[in-house]
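Structural characterization, general
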Amino acid sequence: MSKKQAILIDVDSVTKNGRTIIRLILKRKGMFKLYDRTFYPYFYIETEERIEKGLYNGIEIISVEEVVKKIEGQERKVKKVTCSDPREIQVLSKMLESFGKTYEKDIRFNRRYLIDKGLKPMNTVEIEYEGKFVKSIRDVGEKIDVNTLNFLSFDIEVYNPYGIPREDEDQAIIISYANKDGSGAITWKNCGVKNTKVVKNEKEMIDEFCNVLRENEVDVLSGYNSSVFDIPYLKARANAVKTKLKLGRGDSSPKINKVGMTTHVKIEGRVHSDIYYLIRILAAAQAIKLQRHTLEEVYKELIGGPEWKVDMLSIYQMWDDEKRRGDLVRYGIKDAEATYEIFEKIFPLQVEMARLIKIPLSMISGSTTGQMVEALLMDESFKRGYMIPSRPSGYAANERYSKPIQGAYVKLPQPGIYENIVVFDFRSLYPSIITSHNIDPYTINCTHKECKTGANKAPNGNHFCTKTQGLVPSAIKNLLELRKKVKAELKNAEKKEDWKLASTLNARVAAMKIILNTVYGMLNYPRSRWYSRECAESITAFGREYVQEVGRKAEEKGFNVLYSDTDSIFILLGNKTQEEALEFMKDVNHHLPETMELELENIYKRGLFVSKKQEKETGAKKKYALITKEGKIKIRGFELVRRDWSKIAKDTQLAVLKAILEEGSREKALQIVKDTVQRLSSGKVPKEELVIYTQLRKANYEVLSPELSAVEKARSRGMNIATGAIIGYIITKKGKTVSEKAELIDFAADYDSEYYIDHQVLPAVMKIIGELGYTEEDIKYSGKQGSLSDWM
DNA sequence: AAATGACGGGG
DNA sequence: GTGTACGTCATTT
């Protein structure tokens, strides 16, 4: 028997000799694996029927134990049925369903293990083991610093003569990487860039990159969107040049699993961390607010610094041009460095998230924040002896989807261009409402007389118990208290100038903020275990009251409330000063409950507001664009930055927004659109600006779309296009319907200017200038005066 | 009006 | 892996 302490990197399960057992990935000096055969899967059933251990219809029941669990607030006797393999849980629980209601049969085996054993991923564990098998395991805190792990970030560049690279034909040309010691690249043509190894060909480049991973003993490999692009592409290229992509320890190739809509990459013996997933989580939780989440945009936001972008579509030209090849390699290295810098900043967050909610790192990518909050509540329920509710069936979830609740308060803006806008945000509005009014599925409409009228009576009529704290409020309260503590520690660390500790603590605070902000969403999310329409409605009802109250106060003080949505208020400075606005904020905060705070989001020099009628009852759409004094633009709701829109439509839209925000000139905006329309009409717009890209995602289609029509025509001409390919097409003059007119770039002889004007440029810009008084006629009949000047 | 199918990131 | 995003938009039927 041996005893060791190590970092618990990952927990998953493997099937060996017909039995599924827990596998632990641990790190001490190197990574190593251990297996736990002592842990068995189980579920609960509420029944008086006798259930015996032994074989039941071919499934082995290992034990049946009577236990007491709290179900919907009531203590009840249930039977804990343990069987030998997690794959049998579903089958067995279904077979026993006629005996009584079954519970906790849809909790993943590795999550169950972490919850039941009280283990936190990325913490240090003490294990006793014999051979490869665990005898006992326990959490001993954060003894071993996760920064002892070896990190490396990478990026690849790919030849792309067709705009979008085709993995069977277009070679990978550069692999760049960065870690704490610096950065470098591997390529296979001379480029004269230092720290760059030039090998003979693509195959050698791939092999060399695998060597770099091995030599650096990389524990955590990070990339930007690497699960979807870099790793699958490299794997396909390795295949094409007859080598193996040995990214894993033990020279294994990465496993690429497409799970639903997300792609997971598993690299044996290493953690694969796709920064992009984390960024999306931060974005969903509104911890970062960006219009796009490209590597460059994210870098600018999180790290800052100069731009380094190259035009993606010219990558193949740079590669072919000896003089520009060096620039391309330097660009690749810069991408890898940027990825590494972002990784350094974000990995602590991933670690803290894993610790906080007890889900393994590998499961964080691909989890929604709602699932994370669920994970937290599952742990909390286990500790309290509460039965964990099941996920709703598809049918039940659909029922819930069909009945959306009354959402937040929205005051729609009068469309137009405004100057000097002050934006205030409520910090943690919903979490504070939940704790201060004890909003919870287990405390709602309790039977105590005195609870029916007090402070916990929501404006929509529901009331919440004033005696017993609910599960959700207590989880939030723990988090808020923990956050307070960590914030104090953070201050201390900053005073001592311990930046390493400060960054970990910062990440911990951010992780808690994300979780906190998602709790409401989880109560309102139809697929959630703790979905509660009544709770969600009560929260928004309280929220509406608080926000409207601030709006009323602002108007009383003589400010104009331009726009208000959920937890934010946009006020016009008018003839008042910034100081007066801040004074107002202070005054509001003075009267708010302790956990609630109105914060200054920013002050904007100019803003464009477009009002859109409510489409669903859940709320109106946010549609605005703002610019700060420093020229930083913030855009909401105009998103047209997608590859299935032509460049000309996207470029014109951005130019129009900029003209309005930077110069405040709608006349100039109109002129930009007129010029574009004229240029399209002239027939002289180059192909590149007209291409619409789209992916052929299915093998069989039910309807003939433009892209499919273009592909079928190309196929009939002998071109080979596989499912999954991303194709570029242009709408030409030949044909009647859009589909008939669509041709792949290679076959497009002309373009249909009417289509590009009416279906690309105008829809893109009318969203913006349409409500500023211009009509399509103002643009199209460009010889005439605009209608506005006719009237004025 | 309903159904179908694509977007995100990466090159 | 004791699972299977999501909210929105254009085009076709």
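To keep things clear, this report deals only with the structure shown in the data block.

The rules behind each value
- Residues numbered from 1 in each chain as written.
- Chains lettered and ligands numbered in written order.
- Predicted model: local features only at pLDDT ≥ 70, side-chain atom pairs only at ≥ 80, totals over all residues.
- Heavy atoms only, no water.
- Helix = DSSP H or I, 4+ residues; strand = E, 2+ residues; numbered from the N terminus.
- Rg over C-alpha atoms; globule rule 2.2 N^0.38 Å.
- Buried < 20%, exposed > 50% of the residue type's maximum accessible area, 1.4 Å probe, protein only.
- Contact = heavy atoms within 4.5 Å.
- Areas by Shrake-Rupley, 256 points an atom, 1.4 Å probe, with all protein chains shown as cover.
- Patch = residues over 30% accessible without salt bridge, like charges linked within 9 Å, V, L, I, M, F, W, Y side chains within 5 Å.
- Salt bridge = Lys/Arg side-chain N within 4 Å of Asp/Glu carboxyl O.
- Lys, Arg positive; Asp, Glu negative; His and termini not counted.
- Charge placed at Lys NZ, Arg CZ, Asp CG, Glu CD.
- Axes fitted to C-alpha atoms, helices over the stretch in contact; angles between N-to-C directions.
- Parallel < 35°, antiparallel > 145°, perpendicular 65-115°, else oblique.
- Left-handed = near helix turned anticlockwise from the far one by under 90°.
- Nonpolar A, V, L, I, M, F, W, Y, C, P; charged D, E, K, R; others polar.
- Phe/Tyr/Trp six-rings, centres within 6.5 Å; stacked < 30°, edge-to-face > 60°.
- Lys NZ or Arg CZ within 6 Å of the ring centre and 35° of its normal.
- Near = heavy atom within 4 Å.
- Polar contact = N/O pair within 3.5 Å; in protein donor to acceptor, adjacent residues only side chain to side chain.

**Let's talk about the overall build of chain A**
- Scanning chain A from N- to C-terminus turns up 23 helices and 28 strands.
- Computed over C-alpha atoms, the radius of gyration of chain A comes to 29 Å, within 12% of the 28 Å expected from 2.2 N^0.38 for 792 residues, which places it in the range of a compact globule.
- Structurally, chain A occupies a C-alpha span of about 85 × 75 × 60 Å along its principal axes.
- When each of the 792 residues of chain A is scored for burial, the buried share is 51%.
- The long-range fraction of contacts in chain A, counting pairs at least 24 apart against all pairs at least 6 apart in sequence, stands at 66%.
- Looking at chain A as shown, the accessible area adds up to about 37,700 Å², and 47% of this sits on carbon and sulfur atoms.

**Focus: a positive patch on the surface**
- Together, K235, K244, K246 and K255 make up a region of like positive charge exposed at the surface.
- The residue K255 is located in strand β16 (residues 255-259) in this model.
- Exposure remark for K255: the relative accessible area of 55% places this residue in the exposed category.

**Things to note about the packing of helix α3 (residues 202-215) against helix α4 (residues 230-240)**
- As a packed pair, α3 and α4 sit with axes 10 Å apart at the nearest point and diverge in direction by 125°. Looking at the two axes, α3 sits oblique to α4. Between α3 and α4 lies a crossing of left-handed hand. Contacts between α3 and α4 involve E202, I206 and F209 from the first element and L234, R237 and A238 from the second.
- When its residues are assigned to classes, the contact of α3 with α4 shows 4 nonpolar, no polar and 2 charged.

**Details of the packing of aromatic side chains**
- According to the stated counting rule, one finds 27 aromatic pairs in the structure shown.
- Consider the rings of F39 and Y113, whose centres lie 5.1 Å apart with planes at 85°: the pair is edge-to-face. Of this pair, F39 sits in the loop between β3 (31-36) and β4 (42-46) while Y113 is found in helix α2 (residues 109-117), placing the two residues 74 residues apart along the sequence.
- Of the residues examined, F39 reaches a relative accessible area of 8% and is grouped as buried.
- The buried category is assigned to Y113, whose relative accessible area is 0%.
- Members of the aromatic cluster, joined through ring pairs, are Y418, Y563, F570, F609 and Y624.
- Above the ring of F559, the side-chain terminus of K576 is found at 5.5 Å from the ring centroid.
- Looking at R666, its charged tip hangs above the ring of Y774, at a distance of 6.0 Å from the centre.

**Digging into the protein's contact with DNA strand B**
- Taken together, 33 residues lie near DNA strand B, and G163, I164, M312, R643 and Y701 sit nearest.
- Taking the atoms of DNA strand B that fall within 4 Å of the protein, sugar and phosphate contribute 65% of them.
- Here a phosphate oxygen of DNA strand B sits 2.7 Å away from a polar atom, N or O, in the side chain of K698.
- Counting residues per element, the ones that place at least two in the surface near DNA strand B are β11 (151-158), α5 (275-284), α8 (322-357) and β26 (692-695).
- Of the residues in the surface near DNA strand B, the class split is 14 nonpolar, 7 polar and 12 charged.

**Examining the pattern of salt bridges**
- As enumerated under the stated definition, the model contains 49 salt bridges in all.
- Residue K300 pairs with E297 through a salt bridge whose shortest N-O separation is 3.8 Å. Separated by 3 residues within a single helix, K300 and E297 lie in helix α6 (residues 295-302), roughly one turn from each other.
- A relative accessible area of 33% places K300 in the partly exposed class.

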